[in-house]
2 protein chains.
Amino acid sequence: MDVKGASTNKKQLQSKQTKRKVAEAARALFVNKGYGATSIEDIAEATGSSKGNIYYHFKSKEGLFLYLIDEWDHEWEVKWQQNESQYKTVTDKLYGFARQIVLDDLHHPLSKAANEFFNYNEKPSDIEERIIEMMQGHLKFNQDLIQQGIDNGEFKSDNVECHAAILESMVIGLSQMSRQLKLENALMLYQQAIKVFLYGISN
Amino acid sequence: MDVKGASTNKKQLQSKQTKRKVAEAARALFVNKGYGATSIEDIAEATGSSKGNIYYHFKSKEGLFLYLIDEWDHEWEVKWQQNESQYKTVTDKLYGFARQIVLDDLHHPLSKAANEFFNYNEKPSDIEERIIEMMQGHLKFNQDLIQQGIDNGEFKSDNVECHAAILESMVIGLSQMSRQLKLENALMLYQQAIKVFLYGISN
DNA sequence: TTTTATACTGAACGTTCGTTCAGGATTATA
DNA sequence: TATAATCCTGAACGAACGTTCAGTATAAAA
């Protein structure tokens, strides 16, 4: 009787809300403690609901994490598209790119937990697949950015693919290095790194 | 009755040998499966001895890992000092530095397991401390190298400390990025990265 | 109102894993 | 040879954790 997504159904509404609550609690815990160190019980406690209830809303712990990763990815993209238009040059875009990474990903989101999975070998899981996907997305993103800069005549690069990988490496490494840094120092470090990168590839 | 370290004591010899065997088996397992995914039982099986025996030779799982980290560190330093003399310029040293990292650390040693610990938050352990120590050692190493290059007039740097951190970030990121790469491709990527870095800081 | 689907609980299960310990075997010491 | 120290075994412990499930309450549907 209702239009899609606009049901007045009281039960469904409650359900959505608790699912949200679980997702947000899990997110906060994964951020602070990492994936492995966060137990389902922790999440249940934080939400005030039961372990079983979490398994009602999510298939498994991995499934919950995957759900959060997807959310995160989507939020990042939206934010980037909002920011991108304000940058005139590709050079500015690169600095803005670094800036958004620091502001969005440094302390808040799932970067630590994602990193944890990155160095995971146990049983192959859906997450492995998802991380490889993310990685390739990042490389593509970097390549496009560098190619734009070349086409614009802002800088040179004799090896776009390689330089995209180097940029990605820098970003990964920086996120690990700067975890214990204060935000302003992290920002400076990232900006400096982009500067080094930009001067470095144009030779 | 014996001079230190040269005892003919049959029992002590056996003990040293089994300790060695355990260390090497553990090392291989930590490398392949990571720290968390390697159980004491795995190590016991691989050595053909018992779980209890491992706890006779090592205080704990962490203690065993710490022991390996120290070994690794020491081996690296020895090898570096062997290599260092063959490089005339600091620039060459940097390329050689990258080369040794790839050849020694890419697939073989405990880099994966160390990385795993890097993104660990559970209970604070001795390993945390040791990793911070290692990190500071690396930064110092990088700083010295860059300073040497400046003093030699090979390149410039307006911010040695910052650039040392960026170099370290690059190395950390590269080791993660290139885990699934073939050795020759990894070598190329590292060399390119050093090139970018060198051109980048001199501006 | 009766029936059915949905949201949720909490105890229990099964497994894994690090660690301990009583005791046995082997070698050094007296 | 007798005693003591050292090396090693293997079973058992205990805690943690992801997952399941029988059952309950509540709201929707009939």
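Residues numbered from 1 in each chain as written. Chains lettered and ligands numbered in written order. Predicted model: local features only at pLDDT ≥ 70, side-chain atom pairs only at ≥ 80, totals over all residues. Heavy atoms only, no water.

Comments concerning the interface of chain A and chain B
Which entries qualify depends on this criterion: Whether two residues are in contact is decided by their heavy atoms, any of which lying within 4.5 Å being enough. Accessible area that two parts lose when put together, evaluated with a 1.4 Å probe and summed over both, is termed the buried area. Salt-bridge detection follows one rule: a side-chain nitrogen of Lys or Arg within 4 Å of a carboxyl oxygen of Asp or Glu. Polar contact is defined as a pair of N or O atoms within 3.5 Å, subject to the rule that within protein one atom must be able to donate a hydrogen and the other to accept it, and that residues adjacent in sequence are counted only when both atoms are side-chain atoms. Runs of H or I in DSSP of at least four residues are treated as helices and runs of E of at least two as strands, each being numbered from the N terminus. Charged residues are taken to be Asp, Glu, Lys and Arg, nonpolar residues to be Ala, Val, Leu, Ile, Met, Phe, Trp, Tyr, Cys and Pro, and polar residues to be all remaining types, Gly included.
Taken together, the contact between chain A and chain B spans 37 residues of the former and 37 residues of the latter. Each partner contributes to the roughly 3,200 Å² buried at the junction of chain A and chain B, and carbon and sulfur atoms together form 66% of this total. At the boundary of chain A and chain B, one finds zero salt bridges. Scanning the region where chain A abuts chain B turns up zero residue pairs in polar contact (both at pLDDT 80 or more). Counting residues per element, the ones that place at least two in the side of chain A that touches chain B are α1 (10-33), α6 (111-118), α7 (126-152), α8 (160-177) and α9 (183-201) of chain A. Looking at the side of chain A that touches chain B, the element that brings in the most residues is α8(A), giving 12 residues. Looking at side-chain class alone, the side of chain A that touches chain B contains 17 nonpolar, 12 polar and eight charged residues.

Thoughts on the protein's contact with DNA strand C
Rule in force here: Here a residue is near a molecule or strand as soon as one of its heavy atoms is found within 4 Å of it.
Taken together, 20 residues form the shell around DNA strand C, and within it A:Lys11, A:Tyr56, B:Lys11, B:Tyr55 and B:Lys61 come nearest. Backbone atoms, meaning sugar plus phosphate, form 67% of the atoms of DNA strand C positioned within 4 Å of the protein. Within the contact set of DNA strand C, a base oxygen lies 2.5 Å away from a side-chain nitrogen or oxygen of B:Lys11. Within the backbone of B:Ile40, an N or O atom sits 2.9 Å from a phosphate oxygen of DNA strand C. Every element with two or more residues in the surface near DNA strand C is listed here: α1 and α3 (51-57) of chain A together with α1 (10-33) and α3 (51-57) of chain B. Tallied by class, the residues present in the surface near DNA strand C amount to three nonpolar, 11 polar and six charged.

Remarks on the nonpolar core
Our working rule: We define the nonpolar core as a collection of buried residues of types Ala, Val, Leu, Ile, Met, Phe, Trp, Tyr and Cys that are connected through side-chain atoms lying within 4.5 Å of one another. Exposure classes here rest on a 1.4 Å probe applied to the protein chains alone. A residue is buried below 20% of its type maximum, exposed above 50%, and partly exposed in between.
Within the largest apolar cluster, 71 residues are counted, with the highest numbers of intra-cluster contacts made by A:Leu94, A:Phe97, A:Phe197, B:Leu94, B:Phe97 and B:Phe197. Apart from the residues within four sequence positions on either side, B:Leu94 is in contact with B:Leu145, B:Phe155, B:Leu167, B:Ile194 and B:Leu198.

Describing the packing of aromatic side chains
Residues and elements named next belong to chain A. Note the following rule: Pairing of aromatic side chains here covers Phe, Tyr and the six-membered ring of Trp, requires ring centres within 6.5 Å, and sorts the geometry by plane angle: under 30 degrees stacked, over 60 edge-to-face, intermediate tilted. The rule is short: NZ of Lys or CZ of Arg within 6 Å of the ring centre and within 35 degrees of the ring normal puts a charge over the ring.
One pass over the full model with this rule turns up 22 aromatic pairs over all chains. Put simply, the rings of Trp76, Trp80, Tyr87, Phe97 and Phe141 pair up and form one aromatic cluster. Across from the ring centre of Tyr35, 4.3 Å away, lies the NZ or CZ of Lys61, which sits over that ring.

Let's talk about the protein's contact with DNA strand D
Among the 20 residues in the neighbourhood of DNA strand D, the closest are listed as A:Tyr55, A:Lys61, B:Lys11, B:Tyr56 and B:His57. Between a phosphate oxygen of DNA strand D and a side-chain N or O atom of A:Lys61, the distance comes to 2.5 Å. The contact in question runs from a base oxygen of DNA strand D to an N or O atom on the side chain of B:Lys11, over 2.5 Å. Elements with a minimum of two residues in the surface near DNA strand D: α1 and α3 of chain A together with α1 and α3 of chain B. It is α3(B) that provides the largest number of residues to the surface near DNA strand D, a total of five residues. The residue makeup of the surface near DNA strand D, split by class, is three nonpolar, 11 polar and six charged.

Overview of the UniProt feature "DNA-binding region" (unreviewed entry) in chain A
To keep things clear, this is the line we draw: UniProt positions are given in the numbering used here, feature names are shortened, and annotations may be inferred rather than shown by experiment.
Those residues carrying the UniProt feature "DNA-binding region" (unreviewed entry) are residues 39-58 of chain A in this numbering. Summarising residues 39-58 of chain A: 75% helix, 0% strand, and an end-to-end C-alpha distance of 14 Å.

Description of α1(B)
Residues and elements named next belong to chain B. Short version of the rule: In this analysis, the expected span of each helix is defined as 1.5 Å times one less than the number of residues it contains.
In this model, α1 (24 residues) spans 34 Å end to end at C-alpha, consistent with the 34 Å of a helix rising 1.5 Å per residue. When we look at burial in α1, the residues that qualify are Val22, Ala23, Ala25, Ala26, Leu29, Phe30 and Val31. Where α1 begins, one side-chain oxygen reaches toward the backbone nitrogen of Lys11, 2.9 Å away; that side chain belongs to Asn9. With its phi angle positive at about 90°, Gly34 sits one or two positions after the end of α1.

Details of the domain arrangement of chain A
All names here are of chain A. Where we set the bar: Per the annotation, domain bounds derive from an automatic or database assignment of domains.
On domain assignment, one finds that chain A holds domain 1 (1-58) and domain 2 (68-201). Taken over C-alpha atoms, the centre of domain 1 sits 29 Å from the centre of domain 2. Each side of the interface is counted separately: domain 1 has 10 residues, and domain 2 has 11 residues. Area buried by domain 1 at its contact with domain 2 is led by Arg27, Val31 and Tyr35, which between them contribute 65% of it. For the interface between domain 1 and domain 2, the tally reads three salt bridges. With a closest N to O distance of 3.8 Å, Arg27 and Glu71 form a salt bridge. At the surface where domain 1 touches domain 2, the tally comes to two residue pairs in polar contact (both at pLDDT 80 or more).

Regarding the packing of helix α4 (residues 61-84) of chain B against helix α7 (residues 126-151) of chain B
All names here are of chain B. Let me state the cut-off plainly: Working convention: axes come from line fits to C-alpha atoms, limited for helices to the stretch in contact. Angles between N-to-C directions cover 0 to 180 degrees. An angle counts as roughly parallel when it lies under 35 degrees, as roughly antiparallel when it exceeds 145, as roughly perpendicular when it falls between 65 and 115, and as oblique in every other case. Should the near helix be turned anticlockwise from the far one by less than a right angle, the crossing is left-handed, and should it be turned clockwise, the crossing is right-handed.
Direction vectors running N to C along α4 and α7 enclose 15°, while the axes themselves pass 10 Å from each other. One way to sum up the angle between α4 and α7 is to call them roughly parallel. In this structure, the crossing between α4 and α7 has a hand that is left-handed. Contact with α4, carried on its side by Glu62, Phe65, Leu66, Ile69, Asp70, Asp73, Trp76 and Trp80, involves Asp126, Ile127, Arg130, Met134 and Phe141 of α7 and no other residues of that element. Taken together, the residues of the contact of α4 with α7 break down into eight nonpolar, no polar and five charged.

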